[in-house]
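# Structural overview
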Amino acid sequence: MSKILIRGAKVLGGEPQDVLIDGETIAAVGTGLSAEGAEVVEADGKVLLPGLVDLHTHLREPGREDSETVLTGTRAAASGGFTAVFAMANTFPVADTAGVVEQVWRLGREYGYCDVQPIGAVTVGLEGRKLAELGAMHDSAAGVTVFSDDGKCVDDAVIMRRALEYVKAFGGVVAQHAQEPRLTEGAQMNEGVVSAELGLGGWPAVAEESIIARDVLLAEHVGSRLHICHVSTAGSVEIIRWAKSRGIQVTAEVCPHHLLLTEEVVRTYNPAYKVNPPLRTERDVRALREALADGTIDIVATDHAPHPHEDKDCEWGAAAMGMVGLETALSVVQETMVETGLLDWAGVADRMSAAPARIGRATGHGRPVAPGEPASLTLVDTAYRGQVDPAGFASRSRNTPYEGRELPGRVTHTWLRGKATLMDGKLT
């Protein structure tokens, strides 16, 4: 690989500096670095971050290649500034064996737009009745450390306890989709005044909060690591805050859409806004933002959930739940957290790179922008503002809730270990 000099970048939003990449690593950081023998990228004050890491991505392959593939999903990731994604297990077949997780891992290595770390299922077939091959998936070439039945809740307390006990032996983590199934039968949106006015089945906050409360107590009892997916309510924040105050090994994520949108948009009956867990109230949004700022919620995760056109272009009740998010996540975080003063760019680097890499044990990611570190980097034009146009997405699917909405920031360059995957806004 040739040398690359990124000139005049604001590293983590600080004063402009030069960053020299030599091969796969950062060779130097400073001012007035020599450009001799190097390809020069004029940053012009853009913000340079470590490559983003998404702990919650649905790549759909194998089995639902009509929605997304590892290739298209990783291209979308590179477009959004991500250098590593964790691929959820709800594929067809389910990623509940060493063979399937290795298939996903090898596809990620083949396409190379970002690193792909498979997440293994907690239970066989995501059915919640029998533990999957957790040890075999961990010992496979994929080296799985995160396990989740996301899309479904591990609602059986005994199964959840056994999973926490099992992964403790090798330092793994169980990522729970907190949704008590009996309390959400027929649910279509957040339970409250708006759901009553619209005549849609309500999804109560307690369905999420009760599972989180149970699981943090189980994690404390076992002494194991627990991660809570897509936290969406103020009550969940308080339970997680309490658990952390007791020293329980719990981490949590929030999705960009839960930081920006509320249940009020559902009044349009636009299925683009249908998501699991549902969009909540303004009070919940405020609580989530504050929790991300103070560290109660550890990370931002996209829950990138692509669907083909026909699964969303239909009446609300029949529409699939989920939104694509890889290509808009950083812009939403800039609008909701940076431009509101709740986080600076160093805080964004922590919540979207260092912390998810740490939770998922993503070696070589989330590292400081410093000499000797892997050159996995993202350059962001924070002064840019523009309307979201899904026609330009790299993802195979277009189910975004932000179509036509003006958002700030645009990723212009992404490097994965010194290799450019995105240059001047174009995939390489």
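What counts, and where the lines are drawn
Residues numbered from 1 in each chain as written. Predicted model: local features only at pLDDT ≥ 70, side-chain atom pairs only at ≥ 80, totals over all residues. Heavy atoms only, no water. Pairing = 2+ DSSP bridges. Helix = DSSP H or I, 4+ residues; strand = E, 2+ residues; numbered from the N terminus. Axes fitted to C-alpha atoms, helices over the stretch in contact; angles between N-to-C directions. Core = buried A, V, L, I, M, F, W, Y, C linked by side-chain atoms within 4.5 Å. Buried < 20%, exposed > 50% of the residue type's maximum accessible area, 1.4 Å probe, protein only. Contact = heavy atoms within 4.5 Å. Parallel < 35°, antiparallel > 145°, perpendicular 65-115°, else oblique. Nonpolar A, V, L, I, M, F, W, Y, C, P; charged D, E, K, R; others polar. Phe/Tyr/Trp six-rings, centres within 6.5 Å; stacked < 30°, edge-to-face > 60°. Lys NZ or Arg CZ within 6 Å of the ring centre and 35° of its normal. pLDDT = per-residue confidence, 0-100.

## Section: the sheet that holds strand 15 (residues 299–300)
If you trace the 5 strands from one edge of the open sheet to the other, you get 9-10-13-14-15, paired in parallel fashion. Where the open sheet ends on each side, the last strands, each with one partner, are strand 9 (146–147) and strand 15. Of the strand pairs in this sheet, strand 10 (residues 173–176) and strand 13 (residues 225–228) are connected by 4 bridges, and their pairing is parallel. Paired with Val 174 across the two strands is Leu 226, which belongs to strand 13.

## Points about the sheet that holds strand 8 (residues 115–118)
One open sheet accounts for 3 strands, arranged 6-7-8; its pairing is parallel. Edge positions in the sheet fall to strand 6 (52–57) and strand 8, since each of these pairs with one other strand and no more. Recorded for the sheet is a direction-independent mean angle of 20° between the axes of neighbouring strands. Pairing of strand 7 (residues 82–87) with strand 8 involves 4 bridges; the strand directions are parallel.

## Remarks on the nonpolar core
Buried together is how nonpolar side chains tend to be arranged in soluble globular proteins. If you look at the biggest cluster of nonpolar residues, it comprises 76 residues, and the most contacted ones within it are Leu 330 and Met 352. The element best represented in this core is helix 6 (residues 205–222), accounting for 6 residues. The contact partners of Met 352, leaving out residues within four places of it in the chain, are Leu 52, Val 53, Phe 82, Val 300, Ala 329, Leu 330 and Val 333. One finds Leu 200, Val 265, Trp 316 and Phe 393 within the second-largest nonpolar core, a separate group that totals 19 residues.

## Topic: the packing of helix 7 (residues 234–245) against helix 9 (residues 282–294)
Two elements in contact, helix 7 and helix 9, have axes separated by 8 Å at closest approach and are oriented at 30°. When the interaxial angle is binned, helix 7 and helix 9 end up roughly parallel. Touching Ala 234, Val 237 and Arg 241 of helix 7 are Arg 283, Asp 284, Ala 287, Leu 288, Ala 291 and Asp 294, all from helix 9. In terms of residue class, the contact of helix 7 with helix 9 is built from 5 nonpolar, no polar and 4 charged.

## Digging into the packing of aromatic side chains
For the structure on display, the rule yields 1 aromatic pair. For Arg 410, the ring lying beneath its charged end belongs to Tyr 384, and the centroid distance is 5.1 Å.

## Focus: helix 11 (residues 329–338)
Buried residues dominate helix 11, accounting for 10 of its 10 residues. Among all positions of helix 11, only Ala 329, Leu 330, Ser 331, Val 332, Val 333, Gln 334, Glu 335, Thr 336, Met 337 and Val 338 are buried.

## A closer look at the confidence of the model for the protein
Averaged over every residue, the pLDDT of the protein is 97; residues scoring 70 or more account for 100%. When the elements of the protein are averaged for pLDDT, helix 10 (residues 309–312) gives the smallest value, 96, and strand 14 (residues 250–254) the largest, 99.

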